[in-house]
Amino acid sequence: MSFLLFGKTKIPFKLRYSTKAKRLHIKVQPERVEVVAPLKTQRSVIETFVHQNRRWIEKKKTELDEKVRNRPLPHVIPLISGTKIPFRGTLIGLTVFEEGKEKTPQVRHEQDILVTLPRGTTTAGKEATVKKALKAWFLEHLRIEVEKISEHYSRILQARPAKIRFRRQKTRWGSCSSKGSINLNWHLVFVPQPILEYVVVHELCHLRHLNHSPQFWGLVANLIPDYKTRIRWLKEYRPVFPAEFWD
Ligand SMILES: [Zn+2]
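A quick note: this is a predicted structure, and the numbers were derived from the prediction, not measured.

Calculation criteria
Residues numbered from 1 in each chain as written. Predicted model: local features only at pLDDT ≥ 70, side-chain atom pairs only at ≥ 80, totals over all residues. Helix = DSSP H or I, 4+ residues; strand = E, 2+ residues; numbered from the N terminus. Rg over C-alpha atoms; globule rule 2.2 N^0.38 Å. Contact = placed C-beta atoms within 7 Å. Expected span 1.5 Å × (residues − 1). Buried ≥ 20, exposed ≤ 12 C-beta atoms within 10 Å, placed from the backbone. Pairing = 2+ DSSP bridges. Axes fitted to C-alpha atoms, helices over the stretch in contact; angles between N-to-C directions. Core = buried A, V, L, I, M, F, W, Y, C linked by C-beta atoms within 7 Å. Domains from an automatic or database assignment. Parallel < 35°, antiparallel > 145°, perpendicular 65-115°, else oblique. Left-handed = near helix turned anticlockwise from the far one by under 90°. Nonpolar A, V, L, I, M, F, W, Y, C, P; charged D, E, K, R; others polar.

(A) Looking closely at the overall build of the chain. Within the chain, the secondary structure is distributed over six helices and eleven strands. Here the C-alpha radius of gyration of the chain, 24 Å, is well above what a compact globule of 247 residues would show, namely 18 Å. With the C-alpha coordinates aligned to their principal axes, the bounding extent of the chain is approximately 75 × 60 × 30 Å. Restricting to contacts in the chain with at least 6 residues of sequence separation, those with at least 24 account for 39%.

Below is the structure:
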């Protein structure tokens, strides 16, 4: 793999010599740029050619990225071995084992997320069972992570939430009541750690200021100086699985 630097953007390209190619040409694909060259083309000639076409490459790449981003997601993604599922800001492999010895489905997190279904799970019930087991496991995982974050920042803020609840919230990531109860969207299990941290800290700061006053934001900024970047991430977030999928 070779790299070309255009200002600050680094474009990796793959060079392929072809007996059939009569002249140099460039193929832009979502994951890579391929330069096809007739045999014995000098490296310097290739580099000049790529450099001359850099704007076209960039334009094509942007168009393609846009297309990939706007591609509608399949509504139903089967929860079977080999599927990639969203988890903590990345996609993680799912492996489903059958005929487990336990009476209830078991979930383990190793390199993949491993779900073992109890013996006798019907073919028709498999996916629903995997989904239910995953949801419960996600929630438990999230609860532990949120507790750690909350513990740490509550000490700094000298304020502790009365209760933290997880639920499916359609439009919000979190909320805080005047009684000090915090509600969090359980879909936060799909976002990266820094984003989760920001949402929890945001709600914890409401224990001190139950509004979005400059004082409130000042407090947030004190705890999370780059909070604006994290808010931007949340605004651009698009779920891999449609939210309804998990309902
Ligand atoms: Zn708020």
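The structure having been displayed, the exposition proceeds.
(B) Structural context of helix H3 (residues 126–157). Helix length check: H3, at 32 residues, gives a terminal C-alpha distance of 45 Å against a target of 46 Å (1.5 Å per residue), a fit within 8%. Among the residues of H3, Val130, Ala133, Leu134, Phe138, Leu142, Val146, Ser150 and Tyr153 are the ones counted as buried. Positive backbone phi, at 55°, marks Gln158, one or two positions downstream of H3.

(C) Fine view of the sheet that holds strand S11 (residues 181–185). Ordered by their spatial adjacency, three strands build an open sheet running S9-S11-S10, and the pairing between neighbours is mixed. Each of the sheet's edge strands pairs with one partner strand only, and the pair in question is strand S9 (163–167) and strand S10 (174–176). In this sheet, neighbouring strand axes are inclined to one another by 15° on average, regardless of whether the strands run parallel or antiparallel. Examined bridge by bridge, S10 and S11 share three bridges and lie antiparallel to one another. Each residue of the ladder has a partner; that of Gly174, found in S11, is Leu184. In the packing of H3 onto the sheet, contacts are made with S9 and S11, and the angle to S9 comes to roughly 145°. Sitting on the sheet, helix H4 (residues 193–205) touches S10 and S11, and the angle it makes with S10 is about 15°.

(D) How the structure looks around the nonpolar core. Counting 31 residues, the largest nonpolar core has Val115, Leu188, Val199 and Val201 as its most contacted members. Of all elements in the fold, only strand S6 (90–100), strand S8 (113–118), H3, S11 and H4 reach the threshold of two or more residues within this core. Residue contributions to this core peak at eight residues, all from H4. Not counting residues up to four positions away in its chain, the partners in contact with Val199 are Trp173, Gly174, Leu184 and Leu188.

(E) Molecular detail of the domain arrangement of the chain. Each assigned domain of the chain is listed with its residue range as follows: domain 1 (2–70) and domain 2 (84–246). Here the C-alpha centre of domain 2 lies 40 Å away from the C-alpha centre of domain 1.

(F) How the structure looks around the pairing of strand S5 (residues 84–87). Inspection of the sheet shows S5 paired to S6 by four bridges, in the antiparallel sense. Within the sheet, the bridge partner assigned to Pro86 lies in S6 and is Leu91. In this antiparallel pair of consecutive strands, S5 and S6, the connection spans two residues, and Arg88 shows a positive phi of 50°.

(G) Just the packing of H4 against helix H5 (residues 214–223), in detail. Packing of H4 against H5 leaves a shortest axis separation of 10 Å and a crossing angle of 140°. The pairing of H4 with H5 is recorded here as oblique in orientation. The two elements H4 and H5 cross, and the hand of that crossing is right-handed. Counting all contacts with H4, which are made through Val201, His202 and Cys205, the residues of H5 involved are Phe216, Leu219, Val220 and Leu223. Per-class residue counts for the contact of H4 with H5 are six nonpolar, one polar and no charged.

(H) The arrangement of H4 in detail. Its 13 residues place the ends of H4 18 Å apart at the C-alpha level, agreeing with the 18 Å of an ideal helix rising 1.5 Å per residue. Burial analysis of H4 places eleven of its 13 residues in the buried class, the great majority of the element. Check the buried side of H4 and you find it contacts H3, S10, S11, H5 and helix H6 (227–236).

(I) Seen up close, the pairing of S11. Pairing of S9 with S11, which is carried by five bridges, proceeds in the parallel orientation. By the bridge assignment for S11, Arg167 is matched with Asn185. Where S10 folds back on S11, the antiparallel hairpin that results is connected by four residues, among which Gly180 adopts a positive phi of roughly 85°.

(J) Quick peek at the environment of Glu47. On the secondary structure map, Glu47 appears in helix H1 (residues 43–52). Judged by the 14 C-beta atoms lying within 10 Å of it, Glu47 falls in the partly exposed class. Counting along the chain gives 117 residues from Glu47 to Ile164, while the straight-line C-alpha distance between them is 57 Å.

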